[in-house]
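For reference, the chains in residue letters:
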Amino acid sequence: MNCKGVIREISNYIDGDLDPVVRKELERHLEHCEDCTMIVDQTRKSIKILCDSRPVSLSSDVRARLHTALHRKINHDPS
Amino acid sequence: MFGAIFSGKSTPEIVVWRPLHFVSAPNPHPLPSSVVREDEPLLVASARAGDAAAFEELVARYEDKIFRLTSNITGNREDAEDAMQDAFLKAFAHLDGFHGESRFYTWLVRIAANEALMRLRKRRPNHFSLDQPIVGDSELMPRELEEWSPNPEQLYAKSEIDNIVSAFVEQLEDEYRIVLVLRDVEELSTQETADALGISIPAVKSRLLRARLKLREKLSRHFRQGAEN
């Protein structure tokens, strides 16, 4: 496998979603290619940073509007 | 060498409402989506049996996260608010249709994603396609090939990193942003993402690959060694 092949499979590799034979080929390439190793590592870190990002809290007026609508729905449509 | 190859609009009104007995505070700290509180199945069962307070607790638990999802998909505050609200209303109306095959949150994400996508499509008709094949792989080629600082997270405050990531998500093309958000923020599986969007698994994978590589490029500009200067 060459560098292009690694890049094409990087996402599947990170997700553990590669055929074992292909994964072995990819890892063999990583053993001698510092650039690809770096890209794999940085991509993995990028996903973790994205995953760890915190949601912004709802503003109080939007939350109030949501809960008012819910109350109305529940009262009009008791299940 | 690598471098050589790849150069509600609801108006307030008096509502008859029995007192709510929240299991926790109404605005709890959001949980990582991979974590399910042990009481969730009980809450869902109570809500399905008609316990409005239990449903209210589920809403309180997930409202921030669902709003982040609808914001990330629509890129528009008003649409995001409406989509979030309608998602919870629809979830309540269709609780009978939830049979526990997936996590309650995953089910909720699918409803909210659908609400958000409807609004995005309305705002940008014919603007994006989630299932058209992606031709060529020129977008794949990494340009930023510099080492990151050993501890990139220490270069910025957490809130700054959140802002950088949020700005990136906002700038990303619709078709990549939506898949990235469902897979790597909401942590849906590839199959769940494909089901939620009504597209094939290869379509999810090809968009996710490009989105992740673009995210790495973007973050490299901030995290490469010396970037803090």
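Please refer to the structure placed before this passage.
The structure presented is a predicted model; accordingly, all values stated were derived computationally and were not measured.

(A) Region of interest: the overall build of chain B. Of regular secondary structure, chain B possesses 9 helices and 0 strands. Helices and strands in chain B line up, N terminus first, as α-α-α-α-α-α-α-α-α. The burial tally for chain B puts 50% of its 229 residues in the buried class. Only carbon and sulfur atoms are counted for the fraction: they give 51% of the accessible area of chain B, which is about 10,900 Å².

(B) Spatial organisation of the interface of chain A and chain B. Taken together, the contact between chain A and chain B spans 44 residues of the former and 68 residues of the latter. Summed over both partners, the interface of chain A with chain B comes to about 5,200 Å²; 64% of that surface belongs to carbon and sulfur atoms. If you sort the residues of chain A by the area they bury against chain B, Ile49, Leu50 and Arg65 of chain A come out on top, with a joint share of 14%. Across the chain A-chain B interface, the total number found is 8 salt bridges. Across the pair Arg65 of chain A and Glu81 of chain B runs a salt bridge whose closest N-O atoms are separated by 3.9 Å. Mapped onto the side of chain A that touches chain B, the elements with two or more residues apiece are α1 (3–14), α3 (34–52) and α4 (60–76) of chain A. Looking at the side of chain A that touches chain B residue by residue, the class counts come to 18 nonpolar, 13 polar and 13 charged.

(C) Focus on the packing of α4 of chain A against helix α4 (residues 77–93) of chain B. Contact geometry for α4 of chain A and α4 of chain B: axes closest at 10 Å, N-to-C directions at 25°. It follows that α4 of chain A is roughly parallel to α4 of chain B by the angle criterion. In this structure, α4 of chain A meets α4 of chain B at a crossing whose hand is right-handed. Touching Val62, Arg65, Leu66, Ala69, Leu70, Lys73 and Ile74 of chain A of α4 of chain A are Glu81, Asp82, Met84, Gln85, Phe88, Leu89, Phe92 and Ala93 of chain B, all from α4 of chain B. Per-class residue counts for the contact of α4 of chain A with α4 of chain B are 10 nonpolar, 1 polar and 4 charged.

What counts as what
Residues numbered from 1 in each chain as written. Chains lettered and ligands numbered in written order. Predicted model: local features only at pLDDT ≥ 70, side-chain atom pairs only at ≥ 80, totals over all residues. Heavy atoms only, no water. Helix = DSSP H or I, 4+ residues; strand = E, 2+ residues; numbered from the N terminus. Buried < 20%, exposed > 50% of the residue type's maximum accessible area, 1.4 Å probe, protein only. Areas by Shrake-Rupley, 256 points an atom, 1.4 Å probe, with all protein chains shown as cover. Contact = heavy atoms within 4.5 Å. Buried area = accessible area lost by both parts, 1.4 Å probe. Salt bridge = Lys/Arg side-chain N within 4 Å of Asp/Glu carboxyl O. Nonpolar A, V, L, I, M, F, W, Y, C, P; charged D, E, K, R; others polar. Axes fitted to C-alpha atoms, helices over the stretch in contact; angles between N-to-C directions. Parallel < 35°, antiparallel > 145°, perpendicular 65-115°, else oblique. Left-handed = near helix turned anticlockwise from the far one by under 90°.

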